[in-house]
Structures are given as structure tokens and as C-alpha cells.
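Here's the letter readout for the chains.
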Amino acid sequence: MTNTAETLASVRNTITVKATIDHAFKVFTDGFDTWWPRSHHIGRQPMVKAVIEPQVGGRCFGREADGTECEWGRILTWEPPNRFVLAWQIGPTWQYEPDLDKASEVEVRFTAEPGGVTRVDLEHRHFERHAEGAGNVRAGVSSRNGWGALLLMYAARATDYHPAVRPLALIFTINDSLASRSFEKVPAEDLWRRPTDRSNPMLWILGHMISTRAQIPKMFGDPCDTGWGDLFARGANLGSAAGYPTHEAVQAVSQDVNRQLYATLGGLTAADLARPPLRTPTPAITTIADHIAFLVMHDTYHVGQLAYARKALGHQGVVG
């Protein structure tokens, strides 16, 4: 075991959801499959269901299309609705590690707070148990696609939305997963390639989606600023790749915008939704609810463009 492995700090993430503590715990565990992305799977075949068995000794696994169950963790502590601890049995090569002594731990704590919200604290610790590859495991779970992004997906699902908002938030969540999958195994040189001279590059499309999502918090006075100005605005002239943020930087802004987006959606009331829009993209839009629905449609339209661009550049399809 190296000194580097011994001194690696825990990875900690916190998020607050508009939900009771019982609901927040239930969505994280019983509802694990409703928010865990299909891209986060170590099996050989596509995952069709993500499962956490609700008991000490319960398995965490992904079920594949042929019924194969690919294990990746085990429940060590089970105290609903306040906390649970699981053994992270994914080693430095991102394969299943059956030896619990070589597994790190993930503790998730749920705390009820005033106003009907729940704080969710996640700590991933004991990376030293992965020995020489400990740094690889920590780097993975603390990356842009690690626990921070996963908790955003969880929060989007766990939040107690107004009934009119819930399906719209769900579509945003599905789009997040599909957009993320669109970029899997796409090399950096393809991010700014245009499938045709009339098409935008994949990274520009993603930046445009994020910039447009930022409009929703702004409707309610939240200064949600990407810092990009008009780089990704509709009708903007496409410049050289050197004039745009990197993929990593775009992903970082995406997390910040999504955090504000889902918080805004979670706080909307019937009165908010009935308000007239600040502007009207089409004559059919007469309320804030209409405008949000329009932006959901816009988001979905561009997810389709990402999937098209990915295949046109010679990569495997996003679904199917």
C-alpha cells in the first residue's frame, strides 16, 4: 500500500431536495432505478435495471437484458430513513471486487430540515483499501460525471414538484442522461466537427442547450449566468474551437445551471405557473407554464440533434 493511497481524502457531496425525509430516502434506495444513469454500469451488456436491496447484506447490482446480475456493492448499514452505508466493490480497473476488505465505503445521510426539505450528505471514504489504484477510484467518483452529477440526477427525481411541473422536470432529467451518453467515447477532435456544412458541432449544441436552460431561473429573478455571453446564442456565427470553452468547462457550467434549474422548478407554485411570461416566443404561450413547456421541447429537439451528430460522425447510436 502506498503513502498516496493512505492519505487520500474522502469525497463529500451535499444536496438539498424539496421532499420529506422518508420520500428522499425511498427515492434514493427503492427508486434507485428511476435516477441512476444507464451509462454508469460495469457489466458487459446494457443495463436494464439498477437495484439496491433494502437490508444489511443486500446487494447493489445492475440487471442486464439477458437476466445477468452484475454486482458492484453491498449494504453494510441500513437505518431508514436516516442513513445507509454500502461497500463500493468497484476496483481501480472498474471491475467488480468480491473482497469486502478491498472495497471503499459510501455513506449517505438524510436530515430533515425546516420547510419540508431534506439535506442529503454523501461521503465516499476509505479509498486506501483499493491499494495502489486508490487514486484512480477517487478521481473517478470525484470527476464531473461522479457523485456531484449523480446527486443532481437524484435530486431532480426526488423533488416534490407541483403536478404540472413534474413531467417537465422528468423530461429534463431524461435529456440529461441522453446528452451525457451522446458524448461517450467521442474523441476530442470530433467535438467540433460539423456532420454537414449546415449542422452545428456537438459541443456547440450542448452549450446552446445549457444557455437556454439558464433562462428558466432567470424568469424568477435568479441571476443564472453561464459567463458565455452570446457564444451559444441562436443564430450566432460559429467561430474556431479555440474561442470556446473546453468540454470539461462546459460540463462544469452545466452542473451549476442544472442545480439552479431544478431548484427553481422544485419551488414553483400554481400562482407562479399562471403568471404571464416575460416574453412570448410564440403566440400560443400565455403563461410561465407554457413558456417552460416550450423550453422543454427545445431541449428535447437538441438532444435529438446530438444523437444525429454522433451517428453522422461514425459513432454508435445513443439508444437501441
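Procedures and definitions
- Along each chain, the written sequence defines residue order, and numbers are assigned to residues from 1.
- Restriction of local features to residues with pLDDT of at least 70 applies here, the model being predicted, together with a cutoff of 80 or more for giving and counting side-chain atom pairs; totals for whole chains, interfaces and linings are based on all residues.
- Water and hydrogen atoms were dropped before computing side-chain values, which therefore reflect all heavy atoms in the structure.
- Between N-to-C directions, angles cover 0 to 180 degrees, with each direction set by a line fitted to C-alpha atoms, over the stretch in contact for helices.
- Working definition: helices are DSSP H or I runs of at least four residues, strands are E runs of at least two. Numbering for both runs from the N terminus.
- Oblique is the label for every angle not falling under 35 degrees (roughly parallel), over 145 degrees (roughly antiparallel), or within 65 to 115 degrees (roughly perpendicular).
- Helix crossings get a hand from a simple test, with the near helix turned counterclockwise from the far one by less than a right angle marking a left-handed crossing and a clockwise turn marking a right-handed one.
- In what follows, residue pairs with any heavy atoms lying within 4.5 Å of each other are defined as contacts.
- Three residue categories are used. Nonpolar comprises Ala, Val, Leu, Ile, Met, Phe, Trp, Tyr, Cys and Pro, charged comprises Asp, Glu, Lys and Arg, and polar comprises the others, including Gly.
- Salt bridge, as applied in this entry: a Lys or Arg side-chain nitrogen positioned within 4 Å of an Asp or Glu carboxyl oxygen.
- Buried residues are those whose accessible area, probed at 1.4 Å on protein chains only, stays under 20% of the maximum for their type, while exposed residues exceed 50% and partly exposed ones sit between those limits.
- Strands are treated as partners if at least two bridges between them are detected by DSSP.
- Only buried Ala, Val, Leu, Ile, Met, Phe, Trp, Tyr and Cys residues count toward a nonpolar core, and they belong to the same one when joined by side-chain atoms within 4.5 Å.
- For this analysis, a ring pair means two rings from Phe, Tyr or Trp (six-membered ring only for Trp) whose centres lie within 6.5 Å, classed as stacked if their planes differ by under 30 degrees, edge-to-face if by over 60, and tilted for the remaining angles.
- pLDDT: the predictor's confidence for each residue, scored from 0 to 100.
- For a helix, the expected span equals 1.5 Å multiplied by the residue count minus one.
- Counted as a polar contact is a pair of N or O atoms within 3.5 Å, where, for protein atoms, one must be capable of donating a hydrogen and the other of accepting one, and residues adjacent in sequence contribute only when both atoms are in side chains.

Contact pair helix H5 (residues 166-182) / helix H10 (residues 288-312): the axes reach a minimum separation of 10 Å and the direction vectors enclose 20°. Between H5 and H10, the angle is such that the two are roughly parallel. Viewed along their axes, H5 and H10 form a crossing whose handedness is left-handed. Touching Leu168, Ile171, Phe172, Asn175, Leu178, Ala179, Arg181 and Ser182 of H5 are Ile292, Ala293, Leu295, Val296, Asp299, Thr300, Val303, Leu306, Ala307 and Arg310, all from H10. Taken together, the residues of the contact of H5 with H10 break down into 12 nonpolar, 3 polar and 3 charged.

Once that is clear, we can look at the pattern of salt bridges. In total, this model carries 22 salt bridges according to the counting rule given. With its nearest N and O atoms 3.9 Å apart, the salt bridge here joins aspartate 160 to arginine 166. Here aspartate 160 falls in the partly exposed class, since its relative accessible area comes to 43%. Residue classification places arginine 166 among the partly exposed residues on the basis of a relative accessible area of 40%. Here aspartate 299 makes a salt bridge to arginine 213, at a shortest N to O gap of 2.9 Å. In this pair, aspartate 299 is assigned in helix H10 and arginine 213 in helix H6 (residues 202-213), connecting sequence segments 86 residues apart. The class for aspartate 299 is buried, based on a relative accessible area of 2%. Each of Arg12, Glu79, Arg83, Glu105, Glu107, Arg109, Glu123, Arg125 and Arg129 takes part in a single network of salt bridges with overlapping partners.

One face of the sheet, then the other: side chains in a regular strand alternate in exactly this way. With 5 bridges connecting them, strand E2 (residues 47-52) and strand E3 (residues 59-64) associate as antiparallel partners. Note that in E3 the partner of lysine 49 across the bridge is arginine 63.

This part takes up the sheet that holds E3. Overall, antiparallel pairing links the 7 strands, which are arranged E1-E7-E6-E5-E4-E3-E2 in an open sheet. Edge positions in the sheet fall to strand E1 (11-17) and E2, since each has one partner strand and no second. Put simply, the sheet's adjacent strands are angled 20° from each other on average, direction ignored. In this sheet, strand E7 (residues 117-125) lies alongside E1 in antiparallel orientation, the contact comprising 7 bridges.

Counting 41 residues, the largest nonpolar core has Phe28, Phe84, Phe110 and Tyr154 as the members making the most contacts within it. Of the residues forming this core, the biggest block, 7 residues, is contributed by helix H4 (residues 147-158). Judged by nonpolar contacts, the second largest core, of 23 residues, contains Ala179, Met209, Cys224 and Tyr244.

Turning to the packing of aromatic side chains, a few remarks are in order. All chains considered together, the criterion is met by 22 aromatic pairs. The interplanar angle of 65° and the centroid separation of 5.5 Å between the aromatic rings of tryptophan 72 and tryptophan 88 together place this pair among those described as edge-to-face. Of this pair, tryptophan 72 sits in strand E4 (residues 69-79) while tryptophan 88 sits in strand E5 (residues 83-88), placing them 16 residues apart in sequence. Assessed through its relative accessible area of 9%, tryptophan 72 is described here as buried. With 5.6 Å between their ring centres and 55° between their planes, phenylalanine 232 and tyrosine 244 make a pair best called tilted. You can see phenylalanine 232 sitting in the loop between helix H7 (215-219) and helix H8 (247-266) and its partner tyrosine 244 sitting in the loop between H7 and H8, a full 12 residues away along the chain. By the burial criterion, phenylalanine 232 is buried, and tyrosine 244 matches it. Three or more aromatic residues joined by ring pairs form one cluster here, namely Phe25, Phe28, Phe32, Trp35, Trp36, Trp72, Trp78, Phe84, Trp88, Phe110, Trp147 and Tyr154.

Looking at the element boundaries, glutamine 89 is found in the loop between E5 and strand E6 (104-113). Sequence separation between glutamine 89 and alanine 9 is 80 residues, and the spatial gap between their C-alpha atoms is 18 Å. Setting aside residues up to four positions removed in sequence, glutamine 89 forms contacts with Trp72, Gly73, Arg74, Gln95, Tyr96, Glu97, Pro98, Leu100 and Ala103.

The subject of this paragraph is the confidence of the model for the protein. Averaged over every residue, the pLDDT of the protein is 92; the share at 70 or more is 98%. Here residues 1-5 scores under 50 on pLDDT; set against residues more than four positions off or in separate chains, the count is 6 contacts.

Okay, H10 next. Taking 1.5 Å of rise per residue, 25 residues should cover 36 Å, and H10 covers 36 Å from first to last C-alpha, within 8% of that figure. Where H10 is concerned, the buried positions are Ile288, His291, Ile292, Leu295, Val296, His298, Asp299, His302, Val303, Leu306, Ala309 and Arg310. Two residues or fewer past H10, glycine 314 is found with a positive phi of approximately 95°.

Among the secondary structure elements, aspartate 272 is positioned in helix H9 (residues 270-274). Within the structure, the side chain of aspartate 272 is placed 3.0 Å from the backbone nitrogen of threonine 269, a separation counted as a polar contact. In this structure, aspartate 272 is in contact with Phe220, Gly267 and Ile288, ignoring residues within four places of it in sequence.

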